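# Coordinate inspection notes
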Amino acid sequence: MRRRLTSRALGLGSFVVYSFLYAPLAVLAAFSFNKGRLTSAWEGFTLQWYAILLGDTAVLKSLRNSLIVALAATVLSTVAGTAAALALHRHRFRRQASFRALVTLPIVVPEIVMASSLLLLFAALGIRLGFASVIFAHVAFSVSYVVLVVRARLAGLNHALEEAAMDLGSPPGRTFFMVTLPNIAPGVLAAALLVFALSIDDYVITSFVAGVGSTTLPIQVYSMVRSGVSPEINAVSTVLLTATALILLASWWIEHGVRLWKAAMPAAAGLGILALPFALVPPRPDSENVLNVYIWSNYIAPETLKKFEDRYGARVNVDLYDSVEALLAKVQAGNIDYDVLCPTNYGVEILKKQNLLLPLDHSALPNLVNLDPRFLDPDYDPGNRYSVPYFWGTAGIGYRKSRVGLVESWESLWDERYAGRILMLDDPRETFGAALKWRGFSFNTTDEATLRMAQELLLKQKPLVKAYDSANFQDVLLAGDVWIAQGWNGQFARVMEIDRDIAYVIPKEGGSLFIDSLVIPSSARNPELAHAFINFTLEAEIAAEICATMQYSSPNEAARHLLPEAVRTNPAIFPGDDVLERLELIHDIGRATLLYDRLWTEVKTAR
């Protein structure tokens with residue numbers, strides 16, 4: 001009786017554990033067929049997200065890049081790691097313990113440390129960022145896992161089999177392939193699958209070392225967060241999950257003695273699914289006139305790029321970044337091949353101070369006359385010597401009118417009536433800025449006493465806050481999980497089209513203004529085509545097309561009357577002059593950034 005109860009308890013415990021591990025995957029797969037954009041409610045079955053995926057060249061290309069990198073890293077890491085494991089297992093040499101410790105070091109070193117160190121290493125060696133740098137980086141952090149897994153398998157190997165084979169005259173190479181490798185094959189396969197999973201999922205290290213044409217799926221997804229991630233990502237994840245499961249099933253069958261022809265069926269199906277991105281993404285025609293652009297996701301439509309390519313007989317490679325800090329790190333390393341960048345205004349300040357930007361030839365930019373004079377000659381770049389405004393936007397408050405009524409002040413984010421229904425950006429400058437503006441101070445203050453005051457306000461607010469989120473705050477508001485949220489206008493403008501109960505306001509105390517600009521790095525290899533591209537985006541028709549795609553505010557005055565009325569008259573996209581007067585640019589504040597980061601960390605970690 002006791003044994004039966006113990007067995008049932010173990011079974012129940014196993015069920016709970018496996019449900020905890022695999023329920024998120026099941027939910028992800030189920031909601032890839034959900035008709036609605038949100039995962040908060042089931043709105044009906046659909047295959048539309050898979051249809052969108054099949055036509056989304058950018059996502060398919062990033063998936064193809066991820067697969068290329070993962071397969072290359074898996075092969076190289078497995079070969080090198082298996083050889084290292086054999087050497088460590090069979091041979092004894094001085095300082096072997098130290099060498100073993102060094103082998104395991106990449107596993108325990110924080111990813112951000114390894115990412116920055118690899119970026120600096122590649123820069124010192126003169127290695128240009130691209131596919132090669134990504135593959136080398138993935139091999140660097142994956143080899144350790146192979147060594148550990150294969151060594152564990154070698155520990156249980158019966159060495160008498162190897163000795164018997166060699167006693168019978170088998171040379172070492174033949175002994176390895178006929179005796180050793182078949183016996184450690186499960187460990188080698190397990191290590192290879194682990195490396196493949198780690199590689200295809202890696203974001204932090206890849207974002208630092210990726211270059212022209214090597215945007216992987218994680219980078220694509222993180223960059224898409226700025227404009228909202230659709231269930232298309234659930235679809236691509238489900239496709240990857242299905243392909244991996246089929247390949248794992250085939251390997252499990254082979255390990256358990258199932259006939260090869262039977263195991264080949266799921267393996268072929270899995271590999272066929274993984275081959276889809278290679279078949280669906282058409283090869284780009286070769287061209288000597290190549291332009292490499294580094295920009296936010298969804299900041300320019302593929303159709304717009306096609307028009308530029310056709311007009312200039314060029315090929316445009318577009319890579320994505322998810323933060324200005326990532327862009328700055330790569331440009332400062334000095335081993336990039338980009339011709340056009342799109343940093344925010346404070347990024348322009350930093351790059352200009354470090355002499356990393358090429359002065360613009362205004363004679364090659366005749367369409368500058370189309371820009372609104374209010375966005376020309378900014379204090380961070382007098383005379384627009386280095387930058388041309390591309391988009392501008394604001395940070396304010398999105399809210400549900402039926403829940404909170406009329407919002408006019410930042411004070412509403414501290415209203416106890418909305419406890420648990422408030423969302424703040426996970427951004428120290430913007431979050432501190434809300435508190436500072438509420439009390440009448442500048443977004444760019446560096447006075448420690450003033451910042452301490454703002455910190456006290458944020459600590460007092462923290463019990464009321466449901467989440468700090470800079471990724472999908474608009475979807476959280478759309479789902480009704482929060483009633484009032486701090487965020488950027490472009491994302492709120494999208495959900496306002498879906499739900500008329502949502503409104504957006506710049507508080508009466510003022511809000512932040514950002515200007516994303518196009519610049520040419522001093523290392524650009526094709527500055528003439530870069531100038532042509534910038535001038536192309538300044539054309540009224542093209543600027544209107546770009547604005548309609550992204551729904552952030554365009555500084556192109558000539559394009560305004562070409563926009564759809566719903567965009568042109570949306571106050572979240574184009575606020576009135578009285579609102580513009582209350583906006584303030586966020587500037588680079590130098591070393592005071594460290595103070596903001598420290599105070600913000602104290603807020604986030606406070607109980």
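Because the structure is a prediction, the values reported are computed rather than measured. (Residues numbered from 1 in each chain as written. Predicted model: local features only at pLDDT ≥ 70, side-chain atom pairs only at ≥ 80, totals over all residues. Heavy atoms only, no water.)

Residue placement: Asp501 occurs in the loop between α20 (489–498) and β8 (502–505). Within the structure, the side chain of Asp501 is placed 3.1 Å from the side chain of Arg400, a separation counted as a polar contact. Polar contacts involving the side chain of Asp501 include one to the side chain of Ser402, which spans 2.7 Å. Discounting chain neighbours no more than four positions away, the residues touching Asp501 are Tyr399, Arg400, Lys401 and Ser402. (Helix = DSSP H or I, 4+ residues; strand = E, 2+ residues; numbered from the N terminus. Polar contact = N/O pair within 3.5 Å; in protein donor to acceptor, adjacent residues only side chain to side chain. Contact = heavy atoms within 4.5 Å.)

Before going further, it helps to spend a moment on the packing of helix α13 (residues 302–312) against helix α21 (residues 527–537). Between α13 and α21, the shortest axis-to-axis distance is 11 Å and the interhelical angle comes to 130°. Considering their axes alone, α13 and α21 lie oblique with respect to each other. Considering how the two elements wind past one another, α13 and α21 form a crossing that is right-handed. Residue-level inspection shows Thr304, Leu305, Lys307, Phe308, Arg311 and Tyr312 of α13 in contact with α21, the latter providing Leu529, Ala532, Phe533 and Phe536. Of the residues assigned to the contact of α13 with α21, the class counts are seven nonpolar, one polar and two charged. (Axes fitted to C-alpha atoms, helices over the stretch in contact; angles between N-to-C directions. Parallel < 35°, antiparallel > 145°, perpendicular 65-115°, else oblique. Left-handed = near helix turned anticlockwise from the far one by under 90°. Nonpolar A, V, L, I, M, F, W, Y, C, P; charged D, E, K, R; others polar.)

Positive phi, close to 55°, is recorded for Asn355, a residue that is not glycine. Note that Asn355 resides in the loop between α15 (345–353) and β4 (388–400). The exposed category is assigned to Asn355, whose relative accessible area is 63%. (Buried < 20%, exposed > 50% of the residue type's maximum accessible area, 1.4 Å probe, protein only.)

Among the structural elements, Arg90 can be located in helix α3 (residues 57–90). The exposure class of Arg90 is partly exposed, given its relative accessible area of 42%. Not counting the four nearest positions on each side in its chain, Arg90 is found in contact with Glu162 and Thr180.

Moving on, we get to the sheet that holds strand β3 (residues 340–341). Read from one edge to the other, the open sheet built from three strands follows the order β2-β1-β3, with strand pairing classed as parallel. Edge positions in the sheet fall to β2 (315–320) and β3, since each of these pairs with one other strand and no more. Inspection of the sheet shows strand β1 (residues 290–295) paired to β2 by six bridges, in the parallel sense. Across the sheet, residue Ile295 finds its bridge partner in β2, namely Leu320. On top of the sheet, α21 reaches β1 and β3; it is set at about 60° to β1, its chief contact. (Pairing = 2+ DSSP bridges.)

Another aspect to go through is helix α2 (residues 48–55). Turning to α2, its buried residues number three or more, namely Trp49, Tyr50 and Leu53. End-on, the buried residues of α2 take up no more than an arc of 100°, which puts them together on one face. Seen from the buried face of α2, the exposed residues on the opposite side, beyond 90 degrees, are Ala51, Leu54 and Gly55. (Arc of directions from axis to C-beta.)

Next up on the list: the packing of aromatic side chains. In total, this model carries 22 aromatic pairs according to the counting rule given. On the numbers, 4.8 Å between centres and 65° between planes, the contact of Tyr299 with Phe391 is edge-to-face. Here Tyr299, found in the loop between β1 and α13, pairs with Phe391, found in strand β4; they are 92 residues apart in sequence, far enough to count as distant. Comparing Tyr299 with Phe391, the two get one shared label, buried. Plain terms: the ring middles of Tyr299 and Tyr552 are 6.4 Å apart, the flat faces sit at 65° to each other, and that makes the pair edge-to-face. Highlighted residues: Tyr299 in the loop between β1 and α13 and Tyr552 in the loop between α22 (540–550) and α23 (565–568), separated in sequence by 253 residues. Grouping residues by exposure puts Tyr299 and Tyr552 together as buried. An aromatic cluster of three or more residues is present, and its members are Tyr299, Tyr390, Phe391, Phe514 and Tyr552. Here Arg439 stacks its cationic end above the ring of Trp438, 4.1 Å away from the centre of that ring. Positioned above the aromatic ring of Phe574 is the side chain of Arg560, whose terminal nitrogen or guanidinium carbon lies 4.0 Å from the ring centre. (Phe/Tyr/Trp six-rings, centres within 6.5 Å; stacked < 30°, edge-to-face > 60°. Lys NZ or Arg CZ within 6 Å of the ring centre and 35° of its normal.)

For α22, every residue scored as buried is listed here: Ala540, Ile542, Ala543, Ala544, Ile546, Cys547 and Met550. Looking at the residues trailing α22, positive phi occurs at Gln551, about 65°.

A word on the environment of Ala70. Residue placement: Ala70 occurs in helix α3. When the C-alpha positions of Ala70 and Ile200 are compared, they lie 5.4 Å apart, and in sequence the two are 130 residues distant. In this structure Ala70 touches Phe196, Ser199 and Ile200, once residues within four positions along its chain are discounted.

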